[in-house]
Amino acid sequence: MDHDEIVRLYGPWHPRTVGDVMELFEGYAGRWWIAGGWAIEAFTGVSRPHGDIDPSIPRSDANRLRAHVLDRLDVWAANQGDLLPLINPNRPVPDTCSNLWLRANGAS
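Report on the accompanying structure.

The rules behind the values
- Residues numbered from 1 in each chain as written.
- Predicted model: local features only at pLDDT ≥ 70, side-chain atom pairs only at ≥ 80, totals over all residues.
- Heavy atoms only, no water.
- Patch = residues over 30% accessible without salt bridge, like charges linked within 9 Å, V, L, I, M, F, W, Y side chains within 5 Å.
- Areas by Shrake-Rupley, 256 points an atom, 1.4 Å probe, with all protein chains shown as cover.
- Salt bridge = Lys/Arg side-chain N within 4 Å of Asp/Glu carboxyl O.
- Helix = DSSP H or I, 4+ residues; strand = E, 2+ residues; numbered from the N terminus.
- Buried < 20%, exposed > 50% of the residue type's maximum accessible area, 1.4 Å probe, protein only.
- Lys, Arg positive; Asp, Glu negative; His and termini not counted.
- Contact = heavy atoms within 4.5 Å.
- Core = buried A, V, L, I, M, F, W, Y, C linked by side-chain atoms within 4.5 Å.
- Phe/Tyr/Trp six-rings, centres within 6.5 Å; stacked < 30°, edge-to-face > 60°.

**Thoughts on a nonpolar patch on the surface**
(1) Moving on: On the surface, Met 1, Ile 6 and Leu 9 cluster together to form a nonpolar patch covering roughly 280 Å² of accessible area.
(2) Moving on: In this fold, Met 1 is placed in the segment before helix H1 (3–10).

**Quick word on the side chain of Asp 61**
(1) Moving on: Mapped onto the fold, Asp 61 is located in the loop between strand E2 (54–56) and helix H4 (62–69).
(2) Moving on: Look at Asp 61: it is buried, it has no salt bridge, and the nearest opposite charge is Arg 64 at 4.3 Å.
(3) Moving on: In this view, Asp 61 contacts Tyr 28, Gly 30 and Arg 31; residues no more than four positions away in its chain are not counted.

**What about the nonpolar core?**
(1) Moving on: Core analysis: the largest hydrophobic core is formed by 14 residues, its most contacted members being Phe 25, Tyr 28, Ile 57, Leu 65, Val 69, Leu 86 and Val 93.
(2) Moving on: Of all elements in the fold, only helix H2 (18–24), H4 and strand E3 (74–79) reach the threshold of two or more residues within this core.
(3) Moving on: For this core, the element with the most residues is H4, which contributes three residues.
(4) Moving on: For Leu 65, the residues in contact, after removing those within four places along its chain, are Phe 25, Tyr 28, Ile 57, Leu 100 and Leu 102.

**Some words on the packing of aromatic side chains**
(1) Moving on: Scanning all chains against the criterion turns up two aromatic pairs.
(2) Moving on: Ring geometry for Phe 25 against Tyr 28: centres 5.3 Å apart, planes inclined by 70 degrees, an arrangement best described as edge-to-face. Judged on exposure class, the residue Phe 25 and its partner Tyr 28 are both buried.
(3) Moving on: Centroid distance Phe 25 to Trp 32: 4.5 Å. Interplanar angle 5 degrees. Geometry classified as stacked.
(4) Moving on: Judged by relative accessible area, which is 5%, Phe 25 ranks as buried.

**Examining unusual backbone geometry**
(1) Moving on: Not every positive phi belongs to a glycine, and Asp 71 is a case in point at roughly 70 degrees.
(2) Moving on: Following the sequence through the fold, Asp 71 ends up in the loop between H4 and E3.
(3) Moving on: With a phi angle near 50 degrees, Gln 80 is a residue other than glycine that sits in the positive phi range.
(4) Moving on: Mapping Gln 80 onto the fold places it in the loop between E3 and strand E4 (82–85).
(5) Moving on: Given the relative accessible area of 62%, Gln 80 is considered exposed.

Put into structure tokens, the structure is as follows:
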């Protein structure tokens, strides 16, 4: 899908900051870290623009994260080219899921 189609289906993308990620994980009992471009920048010291941020957790902690954000954020599973809302907290994260996407509501 191209960018316009993704925005039409899922809404606009609002980039987050390291501070946003720290706030998200405040009180979280599991392990987490920042991966991707922000991690490369921290390692190399070479600054660059960022379009997104990649907080990461062990796959085995997916349900722990879902419990941590329950009643605050909707959780979506990026799964084989689709975004699946995980509305029911008892619905397992698909084994083929590559990312979890979180947002407060459809307009955020």
